[in-house]
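Working through the structure, step by step
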Amino acid sequence: MYTQGLDLLDAEARREEGALRNESAARAESAAASCTPQSTLEERFLARVDGEEKIEPKDWMPDAYRQTLIRQISQHAHSEIVGMLPEGNWITRAPSLQRKAILIAKVQDEGGHGMYLYSAAETLGVSRDELIEQLLAGRAKYSSIFNYPTPTWADVGAIGWLVDGAAIMNQIPLCRCSYGPYARAMVRICREESFHQRQGFEIMLTLARGTPEQKAMAQAALDRWWWPSLMMFGPPDTDSPHSAQSMRWKIKRLSNDELRQKFVDFTVPQAKFLGLEIPDRELEWDAENGHYRFGAIDWREFHEVLRGNGPCNRERLAARRRAHEDGRWIREAALAYAEKQRRRATADAA
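Residues numbered from 1 in each chain as written. Predicted model: local features only at pLDDT ≥ 70, side-chain atom pairs only at ≥ 80, totals over all residues. Heavy atoms only, no water.

**Section: helix α7 (residues 128-136)**
Burial in α7 covers these residues: Leu131, Leu135 and Leu136. Projection of α7 onto a plane perpendicular to its axis shows the buried side chains occupying an angular sector of 135°, all on one side. Buried positions along α7 lie against α4 (63-82), α6 (97-122) and α14 (313-326). Two residues or fewer past α7, Gly138 is found with a positive phi of approximately 80°. (Buried < 20%, exposed > 50% of the residue type's maximum accessible area, 1.4 Å probe, protein only. Helix = DSSP H or I, 4+ residues; strand = E, 2+ residues; numbered from the N terminus. Arc of directions from axis to C-beta. Contact = heavy atoms within 4.5 Å.)

The structure is reproduced here in structure tokens:
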């Protein structure tokens, strides 16, 4: 549904991988950059971006570009990790063994996505430990959507259909991000997110075609998740402090409002196919513009959730802190084993 362009993107990623400069060339470029005026470096950087050339970790880049990427990629990574929690608590309560196995696979995928993205962020000179410490301390942001509860099995379906659908809409353009490691990570992530979206839609379809009680449960989940899903794309373009510069650097390819509109246009027909009603009395088709018009989003709710006052903000962070502490012995054991192996190798070499 959302992944028609990925085959081309995959081929593009392979071409980009084959075109990466070798280590010695990167060193030469770095040495030359140290003797070049800042304005000239910035002009060359923008020319490469405008020419659709990928920026790689050892390439010169403006510090603001680096910091923007660290902020965006780390928030994305945090969102994948925290995003495991709303559905993870349904693993033991899934209605069948098959549903349980699929949900386990999906939650594992989200954890893997977080690892890919932390690795991409590390190429920019920030450590994973630092990023995780910021999350656990409450100083880092993640997607507001994961601070909402999942009271029924239908919420798992709604998350897959709507939240992962919104994620794909947002992330497919990132496969063409100007920063190479981020773009290449997104190709695989988008393929897996496509599975997640279809899994969620299938759950909603099963419920919508089930008993009246099951259809009502699906409708209630759609009612809960529709507006938070629209908020996932971020504030309106007029209120987004980072969008314009991110688009100039081709980190982002489409604005928040453009992505939100595309999501609405794709999703409303799917809701009609399910026999469910979008909870928006102002929703209507604009034949002249070829888009759906939709009602005003309550941005006060969005900002309250971002400030830590959502329904599950404290619960989500508490769960991450607890998991991090519970895993401390594993990290310490791994470090101790690595040190033991290092000493043994040193002794053998002597």
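**Quick notes on the nonpolar core**
Where a protein is soluble and globular, its nonpolar side chains tend to be buried together. Counting 81 residues, the largest nonpolar core has Tyr65, Leu69, Ile73, Tyr179, Tyr182 and Trp226 as its most contacted members. No other element matches the 12 residues that helix α9 (residues 180-208) contributes to this core. When neighbours within four sequence positions are excluded, Trp226 is seen to be in contact with Leu162, Phe263, Val264, Thr267, Val268, Ile278 and Pro279. (Core = buried A, V, L, I, M, F, W, Y, C linked by side-chain atoms within 4.5 Å.)

**Remarks on the packing of α4 against α9**
Between α4 and α9, the least distance of the axes is 13 Å, while the angle of their chain directions is 25°. In terms of orientation, α4 lies roughly parallel with respect to α9. The two elements α4 and α9 meet at a crossing, and its hand is left-handed. Of the residues in α9, those in contact with Leu69, Gln72, Ile73, His76 and Glu80 of α4 are Tyr182, Met186, Ile189 and Glu193. Residue composition of the contact of α4 with α9, grouped by class: five nonpolar, two polar and two charged. (Axes fitted to C-alpha atoms, helices over the stretch in contact; angles between N-to-C directions. Parallel < 35°, antiparallel > 145°, perpendicular 65-115°, else oblique. Left-handed = near helix turned anticlockwise from the far one by under 90°. Nonpolar A, V, L, I, M, F, W, Y, C, P; charged D, E, K, R; others polar.)

**Considerations on unusual backbone geometry**
In the Ramachandran plot, Glu52 falls in the positive-phi region, its phi being about 65° despite a non-glycine side chain. Here Glu52 shows up in the loop between α3 (38-50) and α4. Residue Glu52 is classed as partly exposed on the basis of its relative accessible area of 42%. Phi is positive for Lys250, which is not a glycine, with a value near 60°.

**Some details on the pattern of salt bridges**
The tally for this structure, following the rule as stated, stands at 21 salt bridges. When the shortest N-O distance is used, the salt bridge between Glu202 and Arg99 registers 2.5 Å. On the criterion of sequence distance, the pair formed by Glu202 in helix α9 and Arg99 in helix α6 is long-range, its members being 103 residues apart. Among the salt bridges present, the one from Arg139 reaches Glu133, with a minimum N-O distance of 2.5 Å. Of the residues examined, Arg139 reaches a relative accessible area of 55% and is grouped as exposed. The network of salt bridges with common partners includes Arg48, Glu53 and Asp59. (Salt bridge = Lys/Arg side-chain N within 4 Å of Asp/Glu carboxyl O.)

**Regarding the confidence of the model for the chain**
Low pLDDT means the predicted atomic positions in that stretch should not be read closely. Here the chain shows a mean pLDDT of 90. Residues at 70 or above account for 90%. Taking the mean pLDDT of every element in the chain, the minimum, 48, falls on helix α1 (residues 6-18) and the maximum, 98, on helix α10 (residues 212-231). Low pLDDT (under 50) marks residues 19-24, which in the prediction has seven contacts with non-local residues, meaning those over four places away or in another chain. (pLDDT = per-residue confidence, 0-100.)

**As for the packing of aromatic side chains**
Taken as a whole, this structure holds 11 aromatic pairs when the rule is applied. Aromatic side chains Tyr65 and Trp249 sit 5.5 Å apart centroid to centroid with 90° between the ring planes, which places their arrangement in the edge-to-face category. Of this pair, Tyr65 sits in helix α4 while Trp249 is found in the loop between α11 (243-248) and α12 (256-274), placing the two residues 184 residues apart along the sequence. Across the pair, Trp249 and Tyr65 agree in class, each one buried. Measuring from ring centre to ring centre gives 5.6 Å for Phe233 and Phe263, while their planes differ by 50°; the resulting arrangement is tilted. One end of the pair, Phe233, is in the loop between α10 and α11; the other, Phe263, is in helix α12, with 30 residues separating them in the sequence. Per residue, the accessibility class of Phe233 equals that of Phe263, and both read buried. The rings of Phe45, Trp60, Tyr65 and Trp249 are connected pair by pair, giving a single aromatic cluster. The ring of Trp90 is capped by Arg93, whose NZ or CZ atom sits 3.9 Å from the centre of that ring. (Phe/Tyr/Trp six-rings, centres within 6.5 Å; stacked < 30°, edge-to-face > 60°. Lys NZ or Arg CZ within 6 Å of the ring centre and 35° of its normal.)

**Focus on the state of the cysteines**
As enumerated under the stated definition, the model contains zero disulfides in all. No disulfide involves Cys190; its sulfur sits 3.9 Å from the nearest other cysteine sulfur, which is in Cys175. A relative accessible area of 0% means that Cys190 is categorised as buried. (Disulfide = S-S within 2.5 Å.)

**Topic: the environment of Glu80**
Structurally, Glu80 can be placed in helix α4. For Glu80, a relative accessible area of 5% translates into the label buried. For Glu80 and Val107, which are 27 residues apart along the polypeptide, the C-alpha to C-alpha distance reads 9.3 Å.

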